[in-house]
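Chain by chain, the residues run as shown.
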Amino acid sequence: AQTVTQSQPEMSVQEAETVTLSCTYDTSESDYYLFWYKQPPSRQMILVIRQEAYKQQNATENRFSVNFQKAAKSFSLKISDSQLGDAAMYFCAYRSRTTSGTYKYIFGTGTRLKVLA
Amino acid sequence: GAGVSQSPRYKVAKRGQDVALRCDPISGHVSLFWYQQALGQGPEFLTYFQNEAQLDKSGLPSDRFFAERPEGSVSTLKIQRTQQEDSAVYLCASSWGTSYNEQFFGPGTRLTVL
């Protein structure tokens, strides 16, 4: 079974600085996708960035980028120029393609990011 | 509506009561997911619909949990004979297609079982 591990329950970063959130996963599949989701205190989850496993190039979305190491099964999120609005829970997620053809998502336990003014 | 909506936002039930949680996905979205999120944890997959077909219900914790999406749009998650361990936030998400399209999440329903 696939698992997703986020070993940092909480991280802090000074406004305008850079922070990296860690995520590791375990799978025997070769075809999968990885995601980072943000969940602000209002609870509505939003997608931050996604990575296709077959692509070697790391995904980038404005201030957000990932370091995808497929062999190490590592998928970290880097937030540059941190802003107060970045404060939230961040979840790493793996999208499994099951043998039945459905698309089960597996989430980590989350990292709470605090941004200090 | 512009996004995924869920109702009620909050539900308090006495142990043993049945509850029904509603999800209105974004119009036209084929895929619909239900998740259970316990306090301080990440969402855990419950079930997946592709249109009206429930293709994966492997995450439903017991036979007290039942989900349906009869017309391929609105979905209802029903929990029978609620137990205290059912207390959690129940999240619904929908996506346009069946590939890795972005999931759009609803605000969730916080269920408290006394």
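Look a little higher up for the structure.
Being a predicted model, the structure only gives us computed values, none of them experimental.

## Some points on the packing of aromatic side chains
Turning to step 1, where the next piece is worked out: The final tally for this structure, using the stated rule, is 18 aromatic pairs over all chains.
Turning to step 2, where the next piece is worked out: The rings of F35, Y37, F91, Y105 and F107 of chain A together with F33, Y35, F45, Y48 and F105 of chain B are connected pair by pair, giving a single aromatic cluster.

## Brief notes about unusual backbone geometry
With the exception of glycine, most residues fall at negative phi, and the peptide bonds are largely trans.
Turning to step 1, where the next piece is worked out: With an omega dihedral of -10°, the bond running from S7 of chain B to P8 of chain B counts as a cis peptide bond.
Turning to step 2, where the next piece is worked out: Non-glycine residue A16 of chain A carries a positive phi angle of around 80°.
Turning to step 3, where the next piece is worked out: Relative to the helices and strands, A16 of chain A resides in the loop between β2 (10-14) and β3 (19-21).
Turning to step 4, where the next piece is worked out: One non-glycine residue, R81 of chain B, adopts positive backbone phi at about 45°.

## Things to note about the interface of chain B and chain A
Turning to step 1, where the next piece is worked out: On the side of chain A, 22 residues touch chain B, which itself brings 28 residues to the contact.
Turning to step 2, where the next piece is worked out: Between chain B and chain A lies a buried interface of about 2,100 Å² when both sides are counted; carbon and sulfur atoms form 51% of it.
Turning to step 3, where the next piece is worked out: At the junction of chain B and chain A, the tally comes to two residue pairs in polar contact (both at pLDDT 80 or more).
Turning to step 4, where the next piece is worked out: Among the secondary structure elements, those contributing two or more residues to the side of chain B that touches chain A are β4 (31-37), β5 (44-50), β6 (53-56) and β9 (88-95) of chain B.
Turning to step 5, where the next piece is worked out: A class-by-class count of the residues in the side of chain B that touches chain A yields 13 nonpolar, 11 polar and four charged.

## Some points on the nonpolar core
Turning to step 1, where the next piece is worked out: The biggest cluster of nonpolar side chains holds 26 residues, and the ones touching the most others in it are Y25, W36, F75, L77 and Y90 of chain A.
Turning to step 2, where the next piece is worked out: Ranked by residues supplied to this core, first place goes to strand β10 (residues 88-97) of chain A with four residues.
Turning to step 3, where the next piece is worked out: Within the second largest apolar cluster, 20 residues are counted, among which are L21, F65, A88 and C92 of chain B.

## Observations concerning the side chain of T27 of chain A
Residue and element names in this part refer to chain A.
Turning to step 1, where the next piece is worked out: With respect to the helices, strands and loops of the structure, T27 is situated in the loop between β4 (24-26) and β5 (33-39).
Turning to step 2, where the next piece is worked out: A polar contact of 3.1 Å, which involves the side chain of T27, links it to the backbone nitrogen of E29.
Turning to step 3, where the next piece is worked out: Here T27 is in contact with Q2, Y32, K73 and Y94, once residues within four sequence places are set aside.

## A closer look at the environment of P70 of chain B
Residue and element names in this part refer to chain B.
Turning to step 1, where the next piece is worked out: For P70, the position within the fold is in the loop between β7 (65-68) and β8 (75-79).
Turning to step 2, where the next piece is worked out: Residue classification places P70 among the exposed positions, given a relative accessible area of 60%.
Turning to step 3, where the next piece is worked out: Considered as a pair, P70 and N51 are 19 residues apart in the sequence and their alpha carbons are 8.6 Å apart.

## So, the state of the cysteines
Residues and elements named next belong to chain A.
Turning to step 1, where the next piece is worked out: Applying the stated rule across the entire model yields two disulfides over all chains.
Turning to step 2, where the next piece is worked out: Between the sulfur atoms of C23 and its disulfide mate C92 the distance is 2.0 Å. Its torsion about the S-S bond being -70°, the disulfide of C23 and C92 is classed as left-handed. A residue pair is termed long-range when its members are at least 10 positions apart, and C23 in the loop between β3 and β4 and C92 in strand β10 qualify at 69 residues.
Turning to step 3, where the next piece is worked out: Using a relative accessible area of 1% as the deciding quantity, one classes C23 as buried.
Turning to step 4, where the next piece is worked out: Judged by relative accessible area, which is 0%, C92 ranks as buried.

## Some thoughts on the sheet that holds strand β1 (residues 5-7) of chain B
Residues and elements named next belong to chain B.
Turning to step 1, where the next piece is worked out: The antiparallel open sheet is built from four strands, whose spatial order is β1-β3-β8-β7. Looking along the sheet, the strands with just one partner apiece sit at the ends: β1 and β7. Geometrically, the sheet is characterised by an average inter-axis angle of 15° between neighbouring strands, direction not taken into account.
Turning to step 2, where the next piece is worked out: Where β1 and strand β3 (residues 19-24) come together, three bridges link them in antiparallel fashion. Paired with S7 across the two strands is R22, which belongs to β3.

## A few points about the pairing of strand β8 (residues 64-69) of chain A
Residue and element names in this part refer to chain A.
Turning to step 1, where the next piece is worked out: By the bridge criterion, two bridges tie strand β7 (residues 60-61) to β8 in an arrangement that is antiparallel. Bridging from a neighbouring strand, T60 pairs with S65 of β8.
Turning to step 2, where the next piece is worked out: Connecting β8 to the antiparallel partner strand β9 (residues 74-79) that follows it, the hairpin turn spans four residues, and K73 within it adopts a positive phi of roughly 55°.

## What about the pairing of β5 of chain A?
Residue and element names in this part refer to chain A.
Turning to step 1, where the next piece is worked out: Of all seven residues making up β5, seven are buried, and the element is well covered by its neighbours.
Turning to step 2, where the next piece is worked out: Of the strand pairs in this sheet, β5 and strand β6 (residues 46-52) are connected by six bridges, and their pairing is antiparallel. Note that in β6 the partner of L34 across the bridge is Q51.
Turning to step 3, where the next piece is worked out: What sits between the antiparallel neighbours β5 and β6 is a turn of six residues, in which R43 has the positive phi angle 90°.

Procedures and definitions
- Residues numbered from 1 in each chain as written.
- Chains lettered and ligands numbered in written order.
- Predicted model: local features only at pLDDT ≥ 70, side-chain atom pairs only at ≥ 80, totals over all residues.
- Heavy atoms only, no water.
- Phe/Tyr/Trp six-rings, centres within 6.5 Å; stacked < 30°, edge-to-face > 60°.
- Helix = DSSP H or I, 4+ residues; strand = E, 2+ residues; numbered from the N terminus.
- Contact = heavy atoms within 4.5 Å.
- Buried area = accessible area lost by both parts, 1.4 Å probe.
- Polar contact = N/O pair within 3.5 Å; in protein donor to acceptor, adjacent residues only side chain to side chain.
- Nonpolar A, V, L, I, M, F, W, Y, C, P; charged D, E, K, R; others polar.
- Core = buried A, V, L, I, M, F, W, Y, C linked by side-chain atoms within 4.5 Å.
- Buried < 20%, exposed > 50% of the residue type's maximum accessible area, 1.4 Å probe, protein only.
- Disulfide = S-S within 2.5 Å.
- Pairing = 2+ DSSP bridges.
- Axes fitted to C-alpha atoms, helices over the stretch in contact; angles between N-to-C directions.

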